[in-house]
Amino acid sequence: MVIRVRFAPSPTGYLHIGGSRTALFNWLYARAKGGKFILRIEDTDSARSKKEYLDEILDSMKWLGFEWDEIYYQSQRFNLYQEYAQRLLKDGKAYTQKLEGKSGEAIIYKVTPGSITIDDLIRGKIQFDTSTIKDQVLIKSDGTPTYNFACVVDDYTMDITHVIRGDDHISNTPKQFLLYQALGLPVPYFAHLPLILAKAGGRLSKRKGATAISEYRQMGYLSAALVNFLLLLGWAPGENREVIDINEAIKLFDVKNINKTAAVLDLDKLDWMNNQYLKKEDPERLADELIPALAEKDYIDKENFDRNYVVSLVKLFQARLTVLNDFLDWADFFFLKEVPIDPAAEKKFLTRDLSKEFKLFIERLDDLDTFDILTIEEAFRQMVKELNIEAKVLIHPIRVALTGKTIGPGLFEVIYYLGKERTKERLSKFIKRPV
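Residues numbered from 1 in each chain as written. Predicted model: local features only at pLDDT ≥ 70, side-chain atom pairs only at ≥ 80, totals over all residues. Heavy atoms only, no water.

Engineer: Just checking my understanding: could you explain the packing of helix 4 (residues 147-157) against helix 5 (residues 173-183) for this structure?
Structural biologist: It is at 9 Å that the axes of helix 4 and helix 5 come closest, and there the two elements cross at 55°. For the element pair helix 4 / helix 5, the angle class is oblique. Crossing hand, helix 4 versus helix 5: right-handed. Touching Tyr147, Asn148, Phe149, Cys151, Val152 and Asp155 of helix 4 are Lys175, Gln176, Leu179, Tyr180 and Leu183, all from helix 5. In terms of residue class, the contact of helix 4 with helix 5 is made up of 7 nonpolar, 2 polar and 2 charged. (Axes fitted to C-alpha atoms, helices over the stretch in contact; angles between N-to-C directions. Helix = DSSP H or I, 4+ residues; strand = E, 2+ residues; numbered from the N terminus. Parallel < 35°, antiparallel > 145°, perpendicular 65-115°, else oblique. Left-handed = near helix turned anticlockwise from the far one by under 90°. Contact = heavy atoms within 4.5 Å. Nonpolar A, V, L, I, M, F, W, Y, C, P; charged D, E, K, R; others polar.)

What follows is the structure, encoded as structure tokens:
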């Protein structure tokens, strides 16, 4: 049997964490079993479906690496749904009814009371009492199919073997099972993924992490880090590993090993994960990601800038970054002509008159024949030794004068990449001139 799974988003909203995890587990299972990953766009609601949502879903799927093997649009399959509904009408398993306030007739399936048992691949056996299920509308009076009916027809005609979806769909499963039976169709395997809960408790919301994937991308999370994070929301590679390459995960993954209990969305863990990936990422690739944003902030001229300089600065910061966008804030002093000084930092480190020390350091920098990190540090340490002061007495004030901040890369790296002239210029602003 060729494994065929599907992810079926509706373009009535953006792709979020819950949907992207469902997409990941479907895609991963298909790749692990040598099967096919189907993308089905459930766009039957023409009033709420929007192109901007569809574009975001497709772009986010590609960015995450979930390339699909086939794609279908439900809006192009209305004739097929009618065909299967008419079959049930012909067999006497459905009836038509004019609904109040509607112009056309709906096609409705008559539910037979009974008991259904589903052998869920994650949860085990689940029993349903169909006497609690009312008759099911198949085709609405306006000719559009209902969710459950379209799902059954699509999953059968697309040869879907495994339906892997969130457990918020468990209530739909017996309704769909009845329709499979009524149509005489084989029932696929079901696997219902546990909920994702907010760290503070409760279901995800906009305030509790239910952010669009495109927003995570804009904030500076790497796709590989986000995918690794999603992987751990209900599954583990074993041996207490957390950082795992997706190709290795493919070799290990089986839907039967997904946890039954709800996963918790810990965004602090996502930050940690992203930092792990940023540390290992090629600085050239990070520079490619940052260059448009640097140009947008007028930090660089996109048509005329020193790419090697940008890459060098990325290397300087990347081990410290939580998200890529941190670079734009932390490294701004390398690009700005006028550096804003943090008031608290200025009050703490620059209220004392350091004219003598700053002036002497400028002179020492001027005397350097070779201007590199090592010689800058040697000149500084020799100077503080002669002044008989601790290095920290000057390191912090010089850092604040040059960067406007109290934290950042090593001071001597900062001076080197700022360059001699800009370093002198910024220090000179804090040298008091005689009246």
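There is more to say after this.
Engineer: What am I meant to see in the packing of aromatic side chains here?
Structural biologist: Working definition: an aromatic ring pair is given by the centre-to-centre distance plus the angle between the planes. This model, assessed by the stated rule, comprises 16 aromatic pairs. On the basis of an interplanar angle of 35° and a centroid distance of 4.3 Å, the ring pair of Phe333 and Phe334 is categorised as tilted. Considered together, Phe333 and Phe334 belong to a single accessibility category, that of buried residues. For the ring pair Tyr416 and Tyr417, a centre distance of 4.9 Å and an interplane angle of 75° mean the geometry is edge-to-face. Pairwise contacts between aromatic rings join Tyr299, Phe317, Phe327, Phe333, Phe334 and Phe335 into one cluster. (Phe/Tyr/Trp six-rings, centres within 6.5 Å; stacked < 30°, edge-to-face > 60°. Buried < 20%, exposed > 50% of the residue type's maximum accessible area, 1.4 Å probe, protein only.)

Engineer: Honestly, the layout of surface pockets in this entry has me stumped. Any pointers?
Structural biologist: To locate leftover empty space, one rolls a probe as large as a water molecule over the atoms. Reported here for the largest pocket is a volume of approximately 1,100 Å³. Those elements that place two or more of their residues in the lining of the largest pocket are strand 1 (4-7), helix 1 (17-32) and strand 9 (162-166). Among the elements that line the lining of the largest pocket, the one with the most residues is helix 1, at 6 residues. As for the second largest pocket, its lining consists of 15 residues, of which Arg217, Gln218, Gly220, Glu289 and Asn325 are closest to the centre. Sort the elements by how many residues they give to the lining of the second largest pocket and helix 10 (residues 283-296) lands first, with 4 residues. (1 Å grid on protein atoms, 1.4 Å probe; cavity = no way out; pocket = protein on both sides within 12 Å on 5 of 7 lines; lining within 4 Å. Points joined across faces, edges and corners; volume = space filled by probe spheres on them.)

Engineer: I tried to follow the sheet that holds strand 4 (residues 94-98) on my own but got confused; where do I start?
Structural biologist: The pairing of strands in a sheet comes from backbone hydrogen bonds and takes either a parallel or an antiparallel form. As summarised here, the arrangement of the 3 strands in space is 4-5-8, forming an open sheet in which the pairing is antiparallel. What marks the edges here is a single partner per strand, and that holds for strand 4 and strand 8 (136-139). Adjacent strand axes in the sheet meet at a mean angle of 45° when their direction is disregarded. Bridging between strand 5 (residues 105-109) and strand 8 involves 3 bridges; their strand directions are antiparallel. Bridge pairing in strand 8 places Ile107 opposite Ile139. (Pairing = 2+ DSSP bridges.)

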